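Results of the structural survey
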Amino acid sequence: MKLTIIGCGQCGGRIADEFALLGKATHVQRGIESVTNVLAVNTDIADLSGLSHIGSDYQHRILIGGQKTGGHGVGKINELGADLAREDGDKVLESISATQHFFEMDAFLVIAGAAGGTGSGALPVLTQLLKERYIHKPVYNLIVLPFRYEEMTEERSIYNVGTCLKSAYLVADAVFLVDNQRYIRKNVSIRNNFAKINHMVVKPFYNLLCAGEEITSEYIGSRVLDAGDIIQTLVGWTVIGYGEVKLPRIRLFGEDKLHFREKITETQKGVQAMDKAIGELSLKCNAADARRALYLLTGPPQEMNMELIKELSASLRNIATEAIIRSGDYPREKSLLSVTVVLSDLVNSRKVVAYFTKTISYIALTKRRRGEIEHEHKGIEEAFRDIPSLL
Ligand SMILES: Nc1nc2c(ncn2[C@@H]2O[C@H](COP(=O)(O)OP(=O)(O)OP(=O)(O)O)[C@@H](O)[C@H]2O)c(=O)[nH]1
Ligand SMILES: [Mg+2]
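1. Section: helix α4 (residues 78-97)
Between its terminal C-alpha atoms α4 stretches 27 Å, which fits the 28 Å expected from 20 residues at 1.5 Å a residue. Where α4 bends most, at Asp88, the angle is about 55°. Along α4, the positions that sit buried rather than exposed are Asn78, Gly81, Ala82, Leu84, Ala85, Asp88, Gly89, Val92, Leu93, Ser95 and Ile96.

So this is what it looks like as structure tokens:
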């Protein structure tokens, strides 16, 4: 699958930068073009300057609202981020239409942190512009949710998250949710952590994007998971996870056959990789809430057998009880088995509902502070309607 990536704001720009690196890696390591173009869009010149892998020309690092903000960001006001993206959206569309091989790409991925100002506001607006301009291409979002400490110390973050999630849900074909809190590792400074987190956020896409683009016959699986399968799976709230298990190779002397003990553990290893992928999902959620799911098994060709695939399908079916499951195998590794899992079309994501509820409380609180009368308690559907849209 080939993606065009647009990172908005600091968070979105940095994750897009990591995707640009992934694109270079698939090209150099496998001869595969998985990322056709990567852009960063920001109101902040310093943030744009800090990127490493995205082209440094004005068509790849796009400054919006430069005259209004002086290139210094929107200070967490996501309505302003949305307005500036609307005013300068043409810059982004022009840059995209100038992309070489544009028509080879399968979908857009627009990325931002929901709690900030620029990215949170620009993401839904740019998504809408892309949907209007390129009606036949799916537009996906990848939205990063804040750390717990940010929610506690910065009141406005919750409101930004609530309005960003609602607006994105209204326009995007699917929204990947990524919870920063899930990636916190102890004893690492935040600065290093961001680089690490971004790497972990992007890694699950590596095999997923490559699998359907292989042209060398030895790397083509018996069941190829291609862009069509991925597009059919991605709808609404979505999470992604990746897990791998190393394979010790004790070959029988002079033969290319497995020792019988290894053969037994091989299936267990596959299931172990699947369990890890589920354990490492980008947002904690209940797999039974997914209406669609897919998994991709990657490993050495001799490890890919029907038994293993059957076992993995059963293992995912056990937890994603309501989902249509698509799957594929990709014979592309030497000494590890890895599993990538996508759960999509999630109904009642608890975390999302909690954001909507908290956003409503925040709106009520600001109204009370301003001396405006607040109406009585509301159900979630009514609450969803009451959250302002950025579109
Ligand atoms: N995973 C990850 N999260 C980030 C990164 N940078 C910022 N964030 C998160 O993104 C949120 C803040 O959004 P930013 O992207 O900094 O804000 P912005 O879009 O630049 O908007 P303004 O600076 O307010 O104009 C917070 O929740 C941060 O924890 C990053 O590189 N990786
Ligand atoms: Mg910023």
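2. Side note on the site of ligand 1
Taken together, 21 residues sit near ligand 1, with Cys11, Thr118, Gly119, Asn180 and Asn198 positioned nearest. Residue Val74 places a main-chain N or O atom 3.2 Å away from an oxygen atom belonging to ligand 1. Separating a nitrogen atom of ligand 1 from a side-chain N or O atom of Asn180 is a distance of 2.8 Å. When ligand 1 sits alone it has 640 Å² of accessible area, and the protein chains cover 91% of it. Looking at the shell around ligand 1, the elements that each hand over two or more residues are α1 (9-30), α5 (118-133) and α8 (190-202). Among the elements that line the shell around ligand 1, the one with the most residues is α1, at four residues. When the residues that make up the shell around ligand 1 are grouped by side-chain class, the tally is eight nonpolar, nine polar and four charged.

3. A look at unusual backbone geometry
Even without a glycine there, the phi angle at Lys76 is positive, about 75°. Take Lys76: it is sitting in the loop between α3 (66-69) and α4. Residue classification places Lys76 among the partly exposed residues on the basis of a relative accessible area of 30%. Unusually for a residue other than glycine, Asp345 sits at a positive phi of about 50°. Mapped onto the elements, Asp345 comes out in strand β10 (residues 336-346).

4. Overview of the domain arrangement of the chain
With domains assigned, the chain is organised as domain 1 (3-202) and domain 2 (217-346). Taken together, the contacts link 18 residues of domain 1 with 18 residues of domain 2. Both faces considered, domain 1 and domain 2 share a buried interface measuring about 1700 Å² in area, 58% of it formed by carbon and sulfur atoms. For the domain 1 face of the interface with domain 2, the top three residues by lost area are Arg30, Leu177 and Arg182, together amounting to 36%. Taken together, domain 1 and domain 2 are joined by one salt bridge. Arg30 is the partner of Glu333 in a salt bridge, and the nearest nitrogen-oxygen pair spans 3.8 Å. Linking domain 1 with domain 2 are nine residue pairs in polar contact (both at pLDDT 80 or more), by the criterion used here. Those elements that place two or more of their residues in the side of domain 1 that touches domain 2 are β5 (139-145), α7 (155-171) and β6 (174-179). Here the side of domain 1 that touches domain 2 gets six residues from one element, more than from any other, and that element is β6. For the side of domain 1 that touches domain 2, the residue count by class is 12 nonpolar, no polar and six charged.

5. Here's the deal with the pairing of strand β9 (residues 324-330)
The buried fraction of β9 amounts to five of the seven residues, a majority that puts the element mostly inside the structure. Pairing of strand β8 (residues 290-298) with β9 involves seven bridges; the strand directions are parallel. Bridge pairing in β9 links Leu297 to Asp329. The handedness of the β8 to β9 crossover, carried by helix α12 (residues 306-319), is right-handed.

6. Examining the state of the cysteines
Tallying each qualifying case throughout the model produces zero disulfides. Looking at Cys164, it has no disulfide partner, and the nearest cysteine sulfur is the one in Cys8, 9.2 Å off.

7. A closer look at the pairing of strand β2 (residues 35-42)
Counted residue by residue, β2 has seven buried out of eight residues, so it is predominantly covered. Where β2 and strand β3 (residues 61-63) come together, three bridges link them in parallel fashion. Within β3, the residue paired with Asn42 across the bridge is Leu63.

8. Topic: the environment of Lys76
Along the backbone, Lys76 and Gly116 are 40 residues apart, and their C-alpha atoms lie at a distance of 5.0 Å. Of the polar contacts made by the side chain of Lys76, one reaches the side chain of Glu154; its length is 2.8 Å.

9. Here's the deal with the packing of aromatic side chains
What the rule picks out here adds up to 11 aromatic pairs. The interplanar angle of 40° and the centroid separation of 6.0 Å between the aromatic rings of Phe147 and Phe194 together place this pair among those described as tilted. In this pair, Phe147 is assigned in the loop between β5 and α6 (148-153) and Phe194 in helix α8, connecting sequence segments 47 residues apart. Relative accessible area serves as the criterion here: at 1%, Phe147 is assigned to the buried category. Take Phe194: its relative accessible area is 23%, and that puts it in the partly exposed class.

Definitions and limits used
Residues numbered from 1 in each chain as written. Chains lettered and ligands numbered in written order. Predicted model: local features only at pLDDT ≥ 70, side-chain atom pairs only at ≥ 80, totals over all residues. Heavy atoms only, no water. Helix = DSSP H or I, 4+ residues; strand = E, 2+ residues; numbered from the N terminus. Expected span 1.5 Å × (residues − 1). Bend = angle between axes of the 7 residues up to and from the residue. Buried < 20%, exposed > 50% of the residue type's maximum accessible area, 1.4 Å probe, protein only. Near = heavy atom within 4 Å. Polar contact = N/O pair within 3.5 Å; in protein donor to acceptor, adjacent residues only side chain to side chain. Areas by Shrake-Rupley, 256 points an atom, 1.4 Å probe, with all protein chains shown as cover. Nonpolar A, V, L, I, M, F, W, Y, C, P; charged D, E, K, R; others polar. Domains from an automatic or database assignment. Contact = heavy atoms within 4.5 Å. Buried area = accessible area lost by both parts, 1.4 Å probe. Salt bridge = Lys/Arg side-chain N within 4 Å of Asp/Glu carboxyl O. Pairing = 2+ DSSP bridges. Right-handed = clockwise from strand over helix to strand, strands pointing away. Disulfide = S-S within 2.5 Å. Phe/Tyr/Trp six-rings, centres within 6.5 Å; stacked < 30°, edge-to-face > 60°.

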